[in-house]
Amino acid sequence: MLVTGNEILLDAQKRGYAVGAFNVNNMEIIQAIIEAAEETRSPVIIQASQGGIEYAGIDYLSGLAKVAAEKATVPVAIHLDHGTDFGQIVSCIRHGFSSVMIDASKLPLEENIAETKKITEIAHAVGVSVEAELGKIGGTEDHISVDEADATYTDPEEAKYFMEKTGVDSLAIAVGTAHGVYQGEPNIDFDRITEIAKLVDVPLVLHGSSGVAYEDLKEAISRGICKINIDTDLRASFTNTAIEYAKNNPDNIDPRKMLGPAREAMKATIKEKMEVFGSVGKAD
Ligand code: G3H
Ligand code: ZN
């Protein structure tokens with residue numbers, strides 16, 4: 001069933017688990033997510049980045065996501081990931097997304113607040129949930145790219161002020177994770193999560209969660225993280241499996257034979273993450 005981001009994340013916050021938010025670009029990825037969620041009875045968030053929307057087209061991607069969410073017997077939210085473009089955010093709302101992220105984190109604080117507030121007013125007027133970002137998460141995710149030197153951790157007091165001014169429903173915080181493939185080991189500032197959670201009422205979001213040790217993800221959840229974004233690990237599952245199939249079957253010309261196993265591999269990765277996040281069984 002299609003629900004808002006808020007419905008999913010407030011339950012996670014209340015019961016102390018996290019919901020996986022998985023990036024989608026095509027039908028097979030959406031199917032893998034929904035099947036994993038159904039089989040584990042997990043609430044789940046399907047999210048599309050600006051790049052994903054450009055690749056598939058908003059009509060196709062929202063159409064696929066809506067069919068999947070409406071058919072599902074577990075709660076599903078359809079979310080825009082890292083929205084930076086006013087027109088595209090409004091278009092996503094119009095196409096049935098139940099949650100949007102406004103990422104104005106590159107702007108100075110007061111400008112981030114102004115942009116975030118504008119989107120929040122529009123989204124809330126039509127019952128759509130809003131995620132915002134404060135601090136700068138390093139690495140590259142489609143159109144979002146922050147050099148390691150420019151990455152800045154979220155300041156807890158600033159987070160409190162940001163929340164009072166914007167009234168968003170969830171907050172993405174920068175605490176040491178990074179988008180994309182890690183060069184070294186991520187070093188998460190767990191105490192910062194605790195500090196922010198003390199001052200901010202809404203569910204907190206962890207980006208750049210691929211490649212992070214499962215023990216670290218569990219610790220982050222125990223400190224107040226309620227939504228965990230995963231993209232890179234799914235890309236790797238999907239692509240590596242498809243490549244492997246193509247290598248072993250050089251004469252195959254049927255895309256289904258290659259994409260079917262890729263979908264299965266991705267589903268297995270998602271189910272493993274759902275166990276770690278503690279969302280298994282929480283749909284009922
Ligand atoms: O917004 C999406 C994520 O933050 C995904 O990050 O590709 O490192 O898993 P990741
Ligand atoms: Zn992200």
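A. The arrangement of the pattern of salt bridges in detail. Across all of its chains, the model carries 17 salt bridges by this definition. Where Lys227 meets Glu131, a salt bridge forms, and the shortest distance between an N and an O atom there is 2.7 Å. With Lys227 in strand S11 (residues 225-230) and Glu131 in strand S5 (residues 129-134), the pair connects residues that are 96 residues apart, well separated along the chain. On the accessibility criterion, Lys227 (1% relative accessible area) is buried. For Glu131, a relative accessible area of 1% translates into the label buried. Residues participating in the shared-partner salt-bridge network are Glu35, Glu39, Glu264, Lys267 and Lys271.

B. Geometry of the site of ligand 1. Not every one of the 16 residues close to ligand 1 is listed here, only the nearest: Asp81, Gly208, Ser210, Asp231 and Thr232. Ser210 places a side-chain nitrogen or oxygen 2.5 Å from an oxygen atom of ligand 1. Between ligand 1 and Asn229 there is a distance of 3.2 Å, counted from an oxygen atom to a side-chain nitrogen or oxygen. Protein chains shield 100% of the accessible area of ligand 1, which is 310 Å² for the free molecule. For the shell around ligand 1, the secondary structure elements donating two or more residues are strand S3 (76-83), strand S9 (178-179) and S11. Each residue belonging to the shell around ligand 1 can be placed in one class, and the counts come to two nonpolar, 11 polar and three charged.

Rules used in this analysis
- Residues numbered from 1 in each chain as written.
- Chains lettered and ligands numbered in written order.
- Predicted model: local features only at pLDDT ≥ 70, side-chain atom pairs only at ≥ 80, totals over all residues.
- Heavy atoms only, no water.
- Salt bridge = Lys/Arg side-chain N within 4 Å of Asp/Glu carboxyl O.
- Helix = DSSP H or I, 4+ residues; strand = E, 2+ residues; numbered from the N terminus.
- Buried < 20%, exposed > 50% of the residue type's maximum accessible area, 1.4 Å probe, protein only.
- Near = heavy atom within 4 Å.
- Polar contact = N/O pair within 3.5 Å; in protein donor to acceptor, adjacent residues only side chain to side chain.
- Areas by Shrake-Rupley, 256 points an atom, 1.4 Å probe, with all protein chains shown as cover.
- Nonpolar A, V, L, I, M, F, W, Y, C, P; charged D, E, K, R; others polar.

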